[in-house]
Amino acid sequence: MRSRLLLVSLCAVLLPACGGNEKQSDQRVVVFGVDGLDPEMLQERIDRGLLPNFAKLVDTSVFQPLQTSWPPQSPVAWTNFTTGSNPGRHGLYDFIHVDRHNYGLLNSMSETDPVGFEISLAGYKIPVTGGDTRVMRRMPAFWEVLDEAGVPVFVHRMPANYPLVDTNAVTFPDMGFGDITGEQAGKAFLWTEDPSKQDKDGTSYYIRRVSVNRLRLEVEGGKGIIPIPAQLYGPEDSARDLDDLEHEMAVLNVRAREANSAGETARAREYGNRIAEIKREIADERETFLPFTTYLDYTGPEPVVTIEVEDHYGIAKVGEWTDWVPVEFSMVHGMVAMKGWTRFLFKSHQPFELYAAPIQIDPYDPATPVSTPDDASAEMAAVIGPYHTQGFPDAYKAYKAKLLNTAEFVSQSDTVIEERRHMLDYACDQLDESGGLLFFYTGSLDLRSHMLWHAQDLRHPYQEETGSIDDPDLPGYSQQLDRIYKQVDDMLGHLMHRLEAMEADGEAVKLIIMSDHGFAPFYRRMNVNDWLVQEGYMVLREGKTSGDVGAMGIDAEGGIDWDSSVVDWSQTQAYTVGFNGVILNRVEREPKGIVSDQQAEPLLEEIRNKLLALHDDNGEAVFRRVLLATEVFEGEMTEFAPDLQLGFSYGYGASDDAASGKITGTTVMEDNLSRWSGSHLMDPEVVRGTIIVRNGQGLSKDPALEDITATLYHLFDVEPPAGVDGKPLF
């Protein structure tokens, strides 16, 4: 996404925004998508009297569990709904796909073509051909079809919908769309005096040490203002022409491997040191940053910070967030201005700690489109103000990495919920004006269920490890899942109020509430590749005990250096990339495949039986079901899915290491000691979703996600495209 952002910015002045055609419909349909809304958890909280708006609705509606996707992962499930088809047709079958050229990792939601022809201009490489990014979805989305049929459609945030497909329907992306740096979950910032906090993860956050000179306070009796200079880091200036450095690094990589092979460790170390220097030089040359100053103010009754970024300011007390602050990064010799917005959290005054949220692409003047039509983002911002354009706006990665404590994570997520309420008002205004279909999505319940399950579950290993001392300052620490369900209930009440106002002037509005999946605890995690090594299906090179499946070097001709792999692919029959699958090393499909078509079926059956027989130390079965891809999916994309689909038992799941293609060299089963303590990457029957149809007269079948899509086509009397698997619910 990073290079595409810069390319789009260079071309933006040449491409005028296009508006949509005005459409009208007498029909009004609302689909309220609540990510992770679990039917059993919902019913239990209704029974306790916590959710009055849901209680009132289900009294006169159809409410039942909803079939989720195989596997029950958000990009898969939402794409099932988006297209009305199964992954065998639409092509998304995990968060992470394997690169069939080198066993590496691919983003399942989008793909980018390699850059073709480039021109050099004033020290920059400007791509002329290639570099295009497109959504991986292989079936049309319902809003594309309905828009073509003349139906007004408003899609306010949709997961797995980036890059945006040209349409006159009003759409906004969610999960899969990144911040200004291109990171899908955003790249946060922490400035701290605490020397124990170090920047160990360069992809999802920055940690920078700062010095605070408090000597002046001693002279002035504890009163005064201390300036603290720092920097915000922006998108990589990826167009910088650094071919000479990159060529030198490629040559040195080859020489380092040759020296290692010859046993010349001193010479190999010398090459390695120079390679590290070049990497730093490249990073420094491409780094963009924006200086700013924080004024730590002790002149009042309590400490306050004022953040000055160019001519803009943000003010906060300890524990508070500033309002949105605009920022702008100059790139390509000032030819490109990358504009964004961020907010600051004043975490602590002594030791000083300041957090900044990932920088959001400016919806008023986006570097890359954040809506369709292009100007829809600015139109909404003109009404509700700056907002999170990034998908996954709740700061789960910062919380997982312990940059934020529980109270801070909840407060940030609260701002997202409040923002969604303003978006909901704006979306209802659109629907009221023109009729048609409104899909509205909120993801905060999903992310809080992932991150805060441990808070309500004394059995969870993370809770046992940390106990209530984790965040003793948080009121209602153990009630946070109740609280987010109540916040969604409040949002539903607001929606119902808006719908009643619309119905006073016309016909009833049809309402469907849905979720993509439910939830369960995540107690124990499995290092699937380690199990494959243990059972002999994956073989490591002599002397290797761990490493990345797809981490190969580049040879002297610029191809893959297979000898540098930790895996002996000539003897490896199976491997794992992704959260819910095992992949055979197939002849003609994998680059170093050894499993023939004749061997595949009995091998899959053998692995399946061993997995189903696998029990944890407590005697519990790790898997509820293990199915062949051909038993789960139907369509031409089935051949690209993992050959075995892993239906983990309640409380179990694959580790992050397994999903990213790693062999840990440790144990197969281990406690989940992460704040990521709830999950849904299990057997779909364990984590069914939710469907509520207002004033429904009964559903014609056990409903699935795809059936909701087919119902939308039916309600607007539009012929579904070929390949839709769903059937109307009524």
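Residues numbered from 1 in each chain as written. Predicted model: local features only at pLDDT ≥ 70, side-chain atom pairs only at ≥ 80, totals over all residues. Heavy atoms only, no water.

> Which residues make up the overall build of the protein, and what values go with them?
Each helix and strand in the protein was counted, giving 20 helices and 36 strands. Scaling as 2.2 N^0.38, a compact globule of 730 residues should have a C-alpha radius of gyration of about 27 Å, and the protein matches this with 26 Å. Evaluated residue by residue, the protein yields a buried proportion of 58% over its 730 residues. Restricting the contact set of the protein to residue pairs at least 6 apart, pairs at least 24 apart contribute 70%. Here the protein displays about 29,700 Å² of accessible surface, and carbon together with sulfur accounts for 49% of that area. If the 63 positive side-chain charges of the protein are averaged to one point and the 115 negative ones to another, these points end up 3 Å apart. (Helix = DSSP H or I, 4+ residues; strand = E, 2+ residues; numbered from the N terminus. Rg over C-alpha atoms; globule rule 2.2 N^0.38 Å. Buried < 20%, exposed > 50% of the residue type's maximum accessible area, 1.4 Å probe, protein only. Contact = heavy atoms within 4.5 Å. Areas by Shrake-Rupley, 256 points an atom, 1.4 Å probe, with all protein chains shown as cover. Lys, Arg positive; Asp, Glu negative; His and termini not counted. Charge placed at Lys NZ, Arg CZ, Asp CG, Glu CD.)

> Explain the sheet that holds strand β21 (residues 360-361) to me, using residue names and the numbers behind them.
Strand order in the open sheet formed by three strands is β17-β18-β21, and the pairing between neighbours is antiparallel. The open sheet terminates on both sides in strands that have one partner only, identified here as β17 (325-331) and β21. Where β17 meets strand β18 (residues 336-342), seven bridges bridge the pair, whose relative direction is antiparallel. Each residue of the ladder has a partner; that of valine 327, found in β18, is glycine 340. (Pairing = 2+ DSSP bridges.)

> Just give me the short version of the nonpolar core, but keep the residues and values in it.
In this structure, Phe54 and Ile513 are the most contacted members of the largest nonpolar core, which totals 58 residues. Take this core: its biggest share by element is ten residues, from helix α15 (residues 480-503). With 48 residues, the next largest nonpolar core counts Leu532, Leu614, Phe623 and Ala659 among its residues. (Core = buried A, V, L, I, M, F, W, Y, C linked by side-chain atoms within 4.5 Å.)

> Explain the confidence of the model for the protein residue by residue, including any values.
Low-confidence regions, as indicated by low pLDDT, have predicted coordinates that should not be scrutinised in detail. Per-residue pLDDT for the protein has a mean of 90; in total, 91% of the residues score no lower than 70. Across residues 10-21 the pLDDT falls below 50, and counting only partners more than four positions away or on other chains, this stretch makes 14 contacts in the model. (pLDDT = per-residue confidence, 0-100.)

> Provide a residue-level description of helix α4 (residues 74-83), including the pertinent values.
Among the ten residues in α4, ten count as buried, and that is most of the element. Burial in α4 covers these residues: Ser74, Pro75, Val76, Ala77, Trp78, Thr79, Asn80, Phe81, Thr82 and Thr83. Once α4 finishes, glycine 84 follows within two positions and takes phi at roughly 75°, a positive value.

> Quick one: what's the story with the environment of methionine 335, residue by residue and with numbers?
Residue placement: methionine 335 occurs in the loop between β17 and β18. Taking the C-alpha atoms as reference points, methionine 335 and tyrosine 713, 378 residues apart in sequence, are found 46 Å from one another.

> I'd like a description of unusual backbone geometry, backed by residues and values.
Going from tryptophan 70 to proline 71, the amide bond is cis rather than trans, its omega being -15°. Structurally, proline 71 can be placed in the loop between β2 (61-66) and α4. Cis geometry is adopted by the peptide bond preceding proline 373, which originates at threonine 372 and carries an omega value of -20°. By the element assignment, proline 373 lies in the loop between β21 and α10 (376-384). Phi is positive for tyrosine 103, close to 65°, though the residue is something other than glycine. Along the polypeptide, tyrosine 103 turns up in the loop between β3 (96-98) and β4 (105-107). Judged by its relative accessible area of 1%, tyrosine 103 falls in the buried class. One non-glycine residue with positive phi stands out, namely glutamate 588, at about 75°. Its place among the elements puts glutamate 588 in the loop between β29 (581-584) and α17 (597-612).

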